[in-house]
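Now for the letters of each chain:
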Amino acid sequence: MSGQTWSSDLVAALPRRVLVAGGAGFIGSAFVRLLLANPGAPQVIVLDKLTYAGNLANLEPVAAHPGYRFVQGDICDRALVDRLGADVDCIVNFAAETHVDRSILDPDAFIRTDVYGTFALLESARLHQHQRFLQVSTDEVYGDVEAPLRSLESDPPRPRSPYSASKVGAEMQCLAYHATYGVPILITRGSNTYGPYQYPEKIVPLFVTQALDGLSMPVYGDGGAVRDYLYVEDHALGIASVLAWGVPGEAYNLGQGGEPINGLEVAHSVLRLTGRSRELIRHVADRPGHDRRYALDSTKARSLGWAPTMDFTRGMEQTVSWYSANRSWWEPIKSGEFLEFYRRNYRPLAGTATSI
Ligand code: NAD
Ligand code: DAU
């Protein structure tokens, strides 16, 4: 990891007691690790259900920090979130079902957690008159964006998957709570994030761990769909910057901002860094409703002083080297529940002629 440090101005501008919902997941745990590495950091309570995607090992580096407490629980549990809300000044909501392919197979949990769960947290923020409520959202709310356009915060939502529709549902509640009750909400719309500690279902950690094991990398369709890849520490810093300096009621795009990168380019980067041959690339049928392109204009977040620090080449080097050195983190995950999902998702896409 880059071991990014945050400025003392930024840390001083943050609320003093923060409830981090979903803090045992990929981006939430990076946020907590980076936040608590700073002198004078706020106190943090992590609330996490520990679904298949949540992992206490992600929080091991801060487990003994005096300002950290972990509570296992569901954001849909109104009594629990009302109770925890009394001990903090703000909520940052990372908790969500997050994988588009799983939302296509089983939308139910997405609606419950992403929509109802956000409502439950907003109610707690309203009850306790919090200083801030930051909803971690996604560039997927804009849907497919034609080149050369880049989405602006003022663009209308056009979600196309059950996942992105659930994230729009959450955002709409945040905006309603701001307009109706004056809850000081903030929304970040981050782009595709990659880096250490990411559950190996998303393209980067899936391809990296497959390649390290000499297994195939399933590329959807022609591999031409593009994403704006943002290194996880840059995403966490963007969220902290919006939490500190964002204007309540506003949304902020957080994207890397360079030329978007397609699936085949991700595969080739992984092959180069792992020294594997291109025979590992397997084209499978396309994801239903696959958004062909996301691209963000992040000028508004940059005007708060935020800027990504890691380009894709260096970020991929760091990521591959982390997964190579941390097999003990991901090998146990790529069994049981993961394999069941993998077969269920990819077998129908691979067809009869191709093995996956
Ligand atoms: P993740 O899947 O790695 O982690 C999600 C976390 O939420 C897990 O720890 C899980 O246990 C927890 N969780 C799920 N349901 C819960 C519930 N009902 N109650 C309490 N905890 C629950 O996700 P991530 O990739 O870290 O994403 C975090 C947030 O950022 C999500 O809101 C996601 O929509 C958003 N986001 C992700 C990306 C990305 O590329 N990964 C990009 C933009 C925005
Ligand atoms: O853009 C932000 C979003 O990024 C987040 O809101 C989501 O939580 C996160 O999952 C991610 O969504 P994507 O669907 O864009 O990410 P994923 O890694 O699943 O896919 C990235 C691209 O890679 C997409 O074009 C599909 C392609 N892909 C993905 C997988 C898993 C493949 O070609 N093969 C695969 O096996």
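**Focus on the site of ligand 1**
Then step 1. Around ligand 1 sit 29 residues, and of these Ile27, Asp48, Thr98, Tyr163 and Lys167 come closest.
Then step 2. In the model, a nitrogen atom of ligand 1 is placed 2.9 Å from a nitrogen or oxygen of the Asp74 side chain.
Then step 3. Computed on the free molecule, ligand 1 has an accessible area of 830 Å², of which 97% lies beneath the protein chains in the complex.
Then step 4. Those elements giving two or more residues to the shell around ligand 1 turn out to be helix H2 (26-36), strand S5 (132-138) and helix H6 (162-181).
Then step 5. Ranked by the residues each element gives to the shell around ligand 1, the list is headed by S5, at 3 residues.
Then step 6. Considering only residue class, the shell around ligand 1 consists of 11 nonpolar, 14 polar and 4 charged.

**Section: the side chain of Gln256**
Then step 1. Of note, Gln256 is situated in the loop between strand S11 (251-254) and strand S12 (261-262).
Then step 2. In this structure the side chain of Gln256 is engaged in a polar contact, spanning 3.3 Å, whose partner is the backbone oxygen of Met310.
Then step 3. Ignoring any residue separated from it by four or fewer positions in sequence, one finds Gln256 in contact with Ser191, Asp228, Tyr229, Leu230, Tyr231, Asp234, Arg302, Pro308, Met310 and Asp311.

**Comments concerning the pattern of salt bridges**
Then step 1. For the structure shown, the criterion picks out 17 salt bridges.
Then step 2. In this structure, the salt-bridge partner of Glu171 is Arg189, at a minimum N-O distance of 2.7 Å. Separated by 18 residues along the polypeptide, Glu171 in helix H6 and Arg189 in strand S6 (residues 185-190) bring together distant segments of the chain.
Then step 3. Notably, a salt bridge pairs Glu201 with Lys202, separated by 3.5 Å at the nearest N-O pair.
Then step 4. Through salt bridges that share partners, Arg102, Glu201, Lys202 and Glu337 make up one connected network.

**Description of the site of ligand 2**
Then step 1. Near ligand 2, the surroundings consist of 26 residues, among which Asp139, Tyr163, Asn192, Arg287 and Tyr346 are the closest.
Then step 2. Thr138 has a polar side-chain atom sitting 2.7 Å from an oxygen atom of ligand 2.
Then step 3. Between ligand 2 and the protein, one listed contact pairs an oxygen atom with a backbone N or O atom of Tyr220 at 2.9 Å.
Then step 4. For the shell around ligand 2, the elements supplying multiple residues, two or more each, are helix H4 (100-105), helix H7 (203-212) and strand S8 (217-220).
Then step 5. Taken together, the residues of the shell around ligand 2 sort by class into 12 nonpolar, 7 polar and 7 charged.

**Quick notes on the domain arrangement of the protein**
Then step 1. Split into domains, the protein comes out as domain 1 (8-194 + 229-254) and domain 2 (203-226 + 258-290 + 309-341).
Then step 2. Summed over both sides, the interface between domain 1 and domain 2 buries roughly 1600 Å², with carbon and sulfur atoms accounting for 53% of that surface.
Then step 3. It is Tyr194, Tyr229 and Tyr231 that lose the most area in domain 1 upon contact with domain 2, and together they represent 38% of the buried surface on that side.
Then step 4. Here domain 1 and domain 2 share 2 salt bridges between them.
Then step 5. Between Arg287 and Asp101 there is a salt bridge, with its nearest N and O atoms 2.7 Å apart.
Then step 6. Ranked by residues supplied to the side of domain 1 that touches domain 2, first place goes to H4 with 5 residues.

**A closer look at the environment of Tyr163**
Then step 1. The residue Tyr163 is located in helix H6 in this model.
Then step 2. With relative accessibility at 8%, the residue Tyr163 sits in the buried group.
Then step 3. When sequence neighbours within four positions are dropped, the list of residues in contact with Tyr163 reads Glu97, Thr98, Val100, Ser103, Phe110, Asp114, Thr138 and Glu140.

Conventions we followed
- Residues numbered from 1 in each chain as written.
- Chains lettered and ligands numbered in written order.
- Predicted model: local features only at pLDDT ≥ 70, side-chain atom pairs only at ≥ 80, totals over all residues.
- Heavy atoms only, no water.
- Near = heavy atom within 4 Å.
- Polar contact = N/O pair within 3.5 Å; in protein donor to acceptor, adjacent residues only side chain to side chain.
- Areas by Shrake-Rupley, 256 points an atom, 1.4 Å probe, with all protein chains shown as cover.
- Helix = DSSP H or I, 4+ residues; strand = E, 2+ residues; numbered from the N terminus.
- Nonpolar A, V, L, I, M, F, W, Y, C, P; charged D, E, K, R; others polar.
- Contact = heavy atoms within 4.5 Å.
- Salt bridge = Lys/Arg side-chain N within 4 Å of Asp/Glu carboxyl O.
- Domains from an automatic or database assignment.
- Buried area = accessible area lost by both parts, 1.4 Å probe.
- Buried < 20%, exposed > 50% of the residue type's maximum accessible area, 1.4 Å probe, protein only.

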